[in-house]
Amino acid sequence: MKNWISHLSLAAKLRFMIVYAAGAALLVASTLYITGEVLSLRQSLAEQLVTLARSVAQDESSVNFANRPLAQTILGSLRVDPSVRSVALYDAGGRLFTSVSFADQRHSAAEQFQQRWTGATADGNQTIRFRGLTLAHIQVPVMKSGVVAGSVQVDADLEQLYAQLQRSLELMCLALILAGTVAIFLATRLERVISAPIDELLAVARSISSGQRSKLRALKQSDDEMGTLVDAFNRMLSELERRDLSLRMYQNDLEKMVQERTVRLDAAVAEAREAVARAEGASRAKSEFLARMSHEIRTPMNAVLGMAELLRTSKALDDRQRRYAVTIHQSGAALLSIINDILDYSKMEVGKLELESAPFNVRDVVEDVIETLAERAQSKGLELMCDIAENKGLAVLGDAKRLRQILINLVGNAVKFTQRGEVRVAVRCTPDDLLNSAVTFEVADTGIGIRPENCATIFESFVQEDPSTTRQHGGTGLGLAISKQLVELMGGTIGVSSEPGKGSRFHFSITLAPDPEGRRESDHAAALSGMRILLMEGNANLRRILRKQLTGWDAKVTETDSVRKAIQVLDGSFGGQFDAFVLDSRMPDGDGLDVLTAARKRPEFANTPALIIGSSPAAGPAAEHQPGRRVAWLNKPLRRSELHTTLVSLVAPDLNVTRRLQVISVQNQNETQQLRREPISIGQLLLVEDNPVNQEVALAMLGELGLTAQCACNGEEALEKLAAARYDVVLMDCHMPKLDGYATTRRLRELEGQSGAPRTPVIALTANALSGDAERCLAAGMDGYLSKPFSVDELYVTLKPYERRSPASTRPSDPATPRAAPEAQAAAAGSRSEPAAAGSPLDQQALRQIRSLGKPGGIDLLKRIVDLYVGNSRGLIDSLREAIIRNDPPAVHQAAHSLKSSSANVGATRLTELCAALEATAKTGKLASAWALLDRLVEEHSRVLLALEGETAAA
Ligand code: ADP
């Protein structure tokens with residue numbers, strides 16, 4: 001019901017309430033009225049009966065109590081009243097005298113009297129009692145002489161009451177219906193008084209909320225609470241409108257502000273973009289400018305260095321003039337290194353510096369760096385050493401050139417800023433997971449140090465610790481910035497800790513993938529096992545490193561740090577106590593060789609093998625310590641493999657020690673170490689160079705090698721000359737007006753393809769400084785690459801593979817004779833040159849030539865070249881295999897070409913032929929027969945390595 005009402009409209013609710021209330025009131029009133037009516041009617045009926053009964057009671061005969069029949073007759077007269085059921089007469093003692101019943105009265109009057117009667121009214125001496133609604137019992141006294149002589153009692157059923165009641169009910173219903181109708185009518189009228197203002201409010205609220213706004217204010221219809229409500233509602237609407245208005249105004253203001261700001265922001269963004277574009281453009285322009293400038297500088301540098309080098313070696317100069325030429329050359333080389341730094345820096349700025357990934361051994365790189373800087377360190381009396389503890393994880397894949405650059409910079413700085421003491425390079429390798437090795441490099445010196453506040457900024461570009469030291473030592477302040485960027489490119493971090501006056505410790509860590517095919521450092525471990533060695537070394541760190549290395553080979557080491565103590569040890573020892581001596585020649589307290597002299601005086605040590613560690617390349621063993629007396633001499637810095645090999649060859653000369661092979665690049669050679677060059681024979685050379693100065697330099701350098709060349713000033717002229725005559729090698733400048741070197745070579749290759757002429761080797765000469773140059777040259781069909789400025793040695797090494805073995809084999813001026821391409825030369829080499837030893841895959845003539853180039857008493861050039869070759873050729877064979885798997889003909893071509901050149905260098909004629917065949921196959925773009933060729937090539941390569949091992953061991 002409640003729920004049902006809650007769903008009704010307000011008007012209906014009001015109507016319902018009014019009708020409901022009116023109905024309820026009417027009902028109550030009617031009920032009360034009817035009840036009263038019934039009671040008064042019953043009372044009046046009862047009183048009529050009383051009157052009737054009194055008339056009977058006052059009758060003389062009836063009250064005599066002598067004549068019963070008479071009494072009955074008198075009582076029977078009450079029959080006139082239809083409601084009377086029975087009449088009884090009682091005497092004064094309450095005993096029944098007689099009674100008359102008029103109907104099937106169930107109860108006697110006496111009995112009925114005994115029953116409970118309600119509503120008794122006693123008026124003087126009469127009594128009226130009711131039971132139920134209609135049953136009445138009336139008692140009237142019978143008076144005789146003023147004394148109660150008995151009583152008349154009447155029982156009646158006042159049924160006529162119902163008829164009366166029915167009429168009254170009918171009337172009441174009629175009245176109710178009438179009243180209800182009036183109530184509904186009035187409710188309908190009245191409800192409007194309440195609901196109309198509410199409806200009005202509702203209509204306004206709806207019109208406003210729907211946004212139609214057809215009705216903006218509610219109409220006040222009365223002054224009562226509803227009127228007040230309407231007023232309040234209207235006021236509220238006005239207030240809302242006012243707020244709405246101010247909100248809109250505020251919003252408008254805000255929008256305007258936002259618009260203004262957006263416009264300003266857009267302008268700022270556009271400005272910023274423009275600024276960024278300008279900055280990027282400027283940066284690009286700057287970098288391009290730097291690159292161009294570097295290129296432009298490198299071109300005249302080519303002339304400066306070339307001419308200085310020619311002068312330096314010229315026999316026409318006296319000593320002073322030669323010194324001047326050497327100074328010019330050294331300064332030029334220093335200038336070139338600065339230009340290279342600037343170039344690297346500009347490349348990094350434009351993000352053009354890319355890292356290579358090739359197999360290399362960390363130890364090789366570190367030892368090369370140490371060797372490169374050894375002379376500079378030794379000239380300052382510094383001890384330069386490397387401490388590489390681990391054997392595992394050093395064969396890695398990465399950019400060895402860039403790692404070398406970082407190390408050269410750090411070690412170079414350490415040597416530069418250290419006046420006394422030592423420079424130590426330590427390498428630690430911790431395999432961080434199955435895939436990678438974290439390699440940590442540390443370069444520690446005992447130099448001037450860096451103030452702590454400068455340690456953080458020292459890696460920023462152009463930052464130098466102290467202008468006075470800069471003036472003293474020179475430098476651009478770019479080296480550390482470049483190193484930092486390179487380390488970060490390799491995914492590592494670099495840092496420094498330093499104490500002014502005590503020294504600095506630069507360290508960096510990089511993660512390198514291990515080279516699964518990399519060679520392990522497997523020394524001839526057993527050879528030194530159990531050997532008792534007396535080690536004398538003045539420098540504590542170097543002594544520790546040497547001890548570690550010796551004990552690592554299972555030798556038993558007795559160490560001393562002075563000549564005095566060493567002699568004491570020898571004096572106190574007995575024959576056979578030491579199997580070998582390792583003695584530093586330069587000790588703090590004297591000449592280390594004094595120890596050897598003292599030992600030799602004792603017969604039991606007269607033949608004990610001794611390894612003398614020298615400090616300068618110029619130094620050498622004195623006559624009494626010359627080989628033959630089981631003495632070996634190794635100059636610092638010591639390569640681990642050299643130390644091992646030399647020791648083993650001393651203590652076990654009969655053992656055929658497989659020398660571990662080191663990769664040493666030509667660039668690494670100290671300036672003092674020059675290749676011994678022999679005039680080489682190349683039939684006809686064409687030099688394509690537009691710059692007259694560079695032409696002159698190149699011609700002079702070629703002259704230095706005993707070669708002459710024809711010149712062409714541009715690509716077109718070169719093509720004309722190449723069409724008219726046959727050339728054995730073309731030296732091609734890349735950047736020329738009209739037709740540049742790349743286009744010229746491409747055209748030449750096309751012409752060769754069309755005419756079926758053999759391939760003319762083209763070597764690029766370029767001063768281009770940007771990356772990818774070598775690749776561009778190769779892609780254009782060139783065979784080699786020489787970066788300007790180049791030295792006579794570099795020119796020699798580059799041209800050597802193209803040497804004609806027999807001058808008679810070709811006549812340049814004879815166009816009918818087929819041109820000798822390198823592969824053809826190589827193929828012919830076996831028959832023309834000295835025949836290879838029976839079954840040997842090597843050309844002895846080539847090996848002899850290499851040997852003859854080495855300086856007497858200097859480095860073993862054959863070993864170096866063989867070392868170089870072994871490292872490189874293995875890598876190239878891997879590259880070949882991978883390139884064939886990838887089906888990448890240009891990569892096969894490149895690798896085969898490189899292997900061909902280097903194999904020709906070491907006289908591996910058959911291998912050179914196979915490489916040339918593979919190169920030719922790759923050139924066709926189809927690698928179908930490549931696998932078969934590779935198999936033969938790998939087999940031949942193994943034979944070559946074995947033969948080379950024999951050659952170097954024999955040396
Ligand atoms: P450059 O050496 O060409 O000036 P670098 O970037 O290599 O540039 O070095 C920046 C500066 O850091 C050097 O000028 C020097 O002040 C300081 N520095 C670098 N290495 C060392 C070191 N081992 N000992 C002391 N100072 C060093």
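Everything numeric here is computed off the predicted structure, so don't read it as measured data.

A.B. asks: Explain the overall build of the protein to me, and be specific about the residues and the numbers.
C.D. replies: When you go through the protein residue by residue, the secondary structure sums to 27 helices and 25 strands. Within the protein, buried positions represent 45% of all 955 residues. Sequence-distant contacts in the protein: of pairs separated by 6 or more residues, those separated by 24 or more amount to 68%. Counting only carbon and sulfur atoms, one obtains 56% of the accessible surface of the protein, whose full area is about 46900 Å².

A.B. asks: Any details on helix α9 (residues 400-416)? Residues and values, ideally.
C.D. replies: Between its first and last C-alpha atoms α9 spans 23 Å; for 17 residues at 1.5 Å apiece the expected length is 24 Å, and the two agree. Most of α9 sits inside the fold, with twelve of its 17 residues counted as buried. Those residues of α9 that sit buried are Arg402, Leu403, Arg404, Ile406, Leu407, Asn409, Leu410, Val411, Gly412, Asn413, Ala414 and Val415. The distance from a side-chain oxygen at the start of α9 to the backbone nitrogen of lysine 401 is 3.2 Å, and the residue carrying that oxygen is aspartate 399.

A.B. asks: Help me get a handle on the packing of aromatic side chains, residues and values and all.
C.D. replies: Counting across every chain of the model gives six aromatic pairs. Judged by centre distance (6.0 Å) and plane angle (80°), the rings of phenylalanine 459 and phenylalanine 506 are edge-to-face. One end of the pair, phenylalanine 459, is in the loop between α10 (452-455) and α11 (467-473); the other, phenylalanine 506, is in strand β13 (residues 503-514), and 47 residues separate them in sequence. With a relative accessible area of 7%, phenylalanine 506 lands in the buried category. Consider the rings of phenylalanine 581 and phenylalanine 605, whose centres lie 5.6 Å apart with planes at 65°: the pair is edge-to-face. With phenylalanine 581 in strand β16 (residues 580-584) and phenylalanine 605 in the loop between α15 (593-600) and β19 (610-614), this pair connects stretches of sequence that are 24 residues apart. Accessibility assignment for this pair places phenylalanine 581 and phenylalanine 605 in one class, buried. Taken together, the ring pairs connect Phe578, Phe581 and Phe605 into an aromatic cluster.

A.B. asks: Summarise the pattern of salt bridges; cite the residues concerned and give the values.
C.D. replies: Counting across every chain of the model gives 39 salt bridges. The salt bridge partner of aspartate 783 is arginine 759, with a shortest N-O separation of 2.9 Å. Here the residue aspartate 783 occupies a position in the loop between α20 (773-779) and β25 (784-787), and arginine 759 occupies one in the loop between α19 (741-755) and β24 (762-766), the gap between them amounting to 24 residues. Here aspartate 783 and arginine 759 have matching classes, each one buried. Counted as one network, the salt bridges with shared partners bring together Arg363, Glu367, Asp368, Glu371 and Arg639.

A.B. asks: Any details on the sheet that holds strand β21 (residues 685-688)? Residues and values, ideally.
C.D. replies: A sheet is described by the order of its strands in space; here five strands give the open sequence β22-β21-β23-β24-β25, paired in parallel fashion. Both edges of this open sheet fall to β22 (710-712) and β25, since each of them pairs with a single strand only. Neighbouring strand axes in the sheet, compared pairwise and without regard to direction, differ in orientation by 20° on average. Against the sheet, α19 contacts β23 (729-733) and β24, and its axis sits at roughly 145° relative to β23.

A.B. asks: Describe the environment of arginine 630, and please don't skip the residues or the numbers.
C.D. replies: Take arginine 630: it is sitting in the loop between β19 and β20 (631-635). Take arginine 630: its relative accessible area is 31%, and that puts it in the partly exposed class. Separated by 19 residues in the primary sequence, arginine 630 and serine 649 place their C-alpha atoms 9.4 Å from one another.

A.B. asks: So what's going on with helix α16 (residues 640-651)? Which residues, and what values?
C.D. replies: Along its twelve residues, α16 runs 17 Å from first to last C-alpha, staying within 8% of the 16 Å computed at 1.5 Å per residue. With respect to burial, α16 is a largely interior element, ten of its twelve residues being buried. Burial in α16 covers these residues: Arg640, Ser641, Leu643, His644, Thr645, Thr646, Leu647, Val648, Leu650 and Val651. Contact partners of the buried residues in α16: α8 (362-379), α13 (540-552), β16, β19 and β20.

A.B. asks: Give me the lowdown on the pairing of strand β6 (residues 147-157), citing residues and values where you can.
C.D. replies: Burial runs high along β6: nine of the eleven residues are buried. Bridging between strand β1 (residues 84-91) and β6 involves seven bridges; their strand directions are antiparallel. Looking at β6, one finds that aspartate 91 is bridged to glycine 150. Hairpin geometry of strand β5 (residues 135-144) and β6 is characterised by an intervening segment of two residues between the two adjacent antiparallel strands and by a positive phi of about 55° at serine 145.

A.B. asks: How would you explain the side chain of asparagine 409 if you had to name every residue and give the values?
C.D. replies: You can see asparagine 409 is positioned in helix α9. Setting aside its immediate chain neighbours within four residues, asparagine 409 contacts Gly479, Leu480 and Ser483.

A.B. asks: Would you mind going over the side chain of glutamate 537 in detail, with residue names and values included?
C.D. replies: Its place among the elements puts glutamate 537 in the loop between β14 (532-536) and α13. No salt bridge is formed by the buried glutamate 537. Its closest oppositely charged neighbour is lysine 636, at 4.1 Å. A polar contact of 3.0 Å, which involves the side chain of glutamate 537, links it to the backbone nitrogen of asparagine 539. Residue contacts for glutamate 537: discarding those within four places in its chain leaves Glu383, Leu542, Arg543, Leu546, Thr560, Asp561, Asp584, Met587 and Lys636.

A.B. asks: Got a sec to walk through the nonpolar core? Specific residues and values, please.
C.D. replies: Core analysis: the largest hydrophobic core is formed by 47 residues, its most contacted members being Val362, Val366, Leu403, Val411, Phe441 and Phe508. With residues up to four places along the chain from it excluded, the contact list for leucine 403 reads Phe360, Val365, Phe441, Met490, Phe508 and Ile510. Residues Ile34, Phe130, Val152 and Leu158 belong to the second largest nonpolar core, which totals 34 residues.

A.B. asks: Which residues make up the confidence of the model for the protein, and what are the values?
C.D. replies: This prediction gives the protein a mean pLDDT of 79; 82% of its residues lie at or above 70. Contacts from residues 105-110, a stretch scored under 50 in pLDDT, to residues over four places away or in other chains number 14 contacts. A low-confidence stretch, residues 805-838 stays under pLDDT 50, and its non-local contacts, those more than four residues away or across chains, total 63 contacts.

A.B. asks: Account for the sheet that holds β16, with residues named and values stated.
C.D. replies: Ordered in space as β15-β14-β16-β19-β20, the five strands form an open sheet in which the pairing is parallel. What marks the edges here is a single partner per strand, and that holds for β15 (556-560) and β20. Pairs of neighbouring strands in the sheet enclose a mean axial angle of 20°, with direction left out of account. Pairing geometry for β14 and β16, over four bridges, is parallel. Bridging from a neighbouring strand, leucine 534 pairs with phenylalanine 581 of β16. Against the sheet, α16 touches β16, β19 and β20, its axis set at about 175° to β20.

A.B. asks: Which residues make up the state of the cysteines, and what values go with them?
C.D. replies: This structure, assessed with the given rule, holds zero disulfides. Unpaired in terms of disulfides, cysteine 734 finds its nearest cysteine sulfur in cysteine 777, a separation of 4.0 Å. Residue classification places cysteine 734 among the buried residues on the basis of a relative accessible area of 0%.

A.B. asks: Could you give an account of the packing of helix α17 (residues 692-704) against helix α21 (residues 792-799), naming the residues involved and the relevant values?
C.D. replies: Packing of α17 against α21 brings their axes to within 10 Å, and their N-to-C directions diverge by 70°. Comparing their axes, α21 and α17 come out roughly perpendicular. For the element pair α17 and α21, the recorded crossing hand is right-handed. Here α17 contributes Met701, Leu702 and Glu704 to the contact with α21, which in turn contributes Val792, Leu795 and Leu799.

Calculation notes
Residues numbered from 1 in each chain as written. Predicted model: local features only at pLDDT ≥ 70, side-chain atom pairs only at ≥ 80, totals over all residues. Heavy atoms only, no water. Helix = DSSP H or I, 4+ residues; strand = E, 2+ residues; numbered from the N terminus. Buried < 20%, exposed > 50% of the residue type's maximum accessible area, 1.4 Å probe, protein only. Contact = heavy atoms within 4.5 Å. Areas by Shrake-Rupley, 256 points an atom, 1.4 Å probe, with all protein chains shown as cover. Expected span 1.5 Å × (residues − 1). Polar contact = N/O pair within 3.5 Å; in protein donor to acceptor, adjacent residues only side chain to side chain. Phe/Tyr/Trp six-rings, centres within 6.5 Å; stacked < 30°, edge-to-face > 60°. Salt bridge = Lys/Arg side-chain N within 4 Å of Asp/Glu carboxyl O. Pairing = 2+ DSSP bridges. Axes fitted to C-alpha atoms, helices over the stretch in contact; angles between N-to-C directions. Lys, Arg positive; Asp, Glu negative; His and termini not counted. Core = buried A, V, L, I, M, F, W, Y, C linked by side-chain atoms within 4.5 Å. pLDDT = per-residue confidence, 0-100. Disulfide = S-S within 2.5 Å. Parallel < 35°, antiparallel > 145°, perpendicular 65-115°, else oblique. Left-handed = near helix turned anticlockwise from the far one by under 90°.

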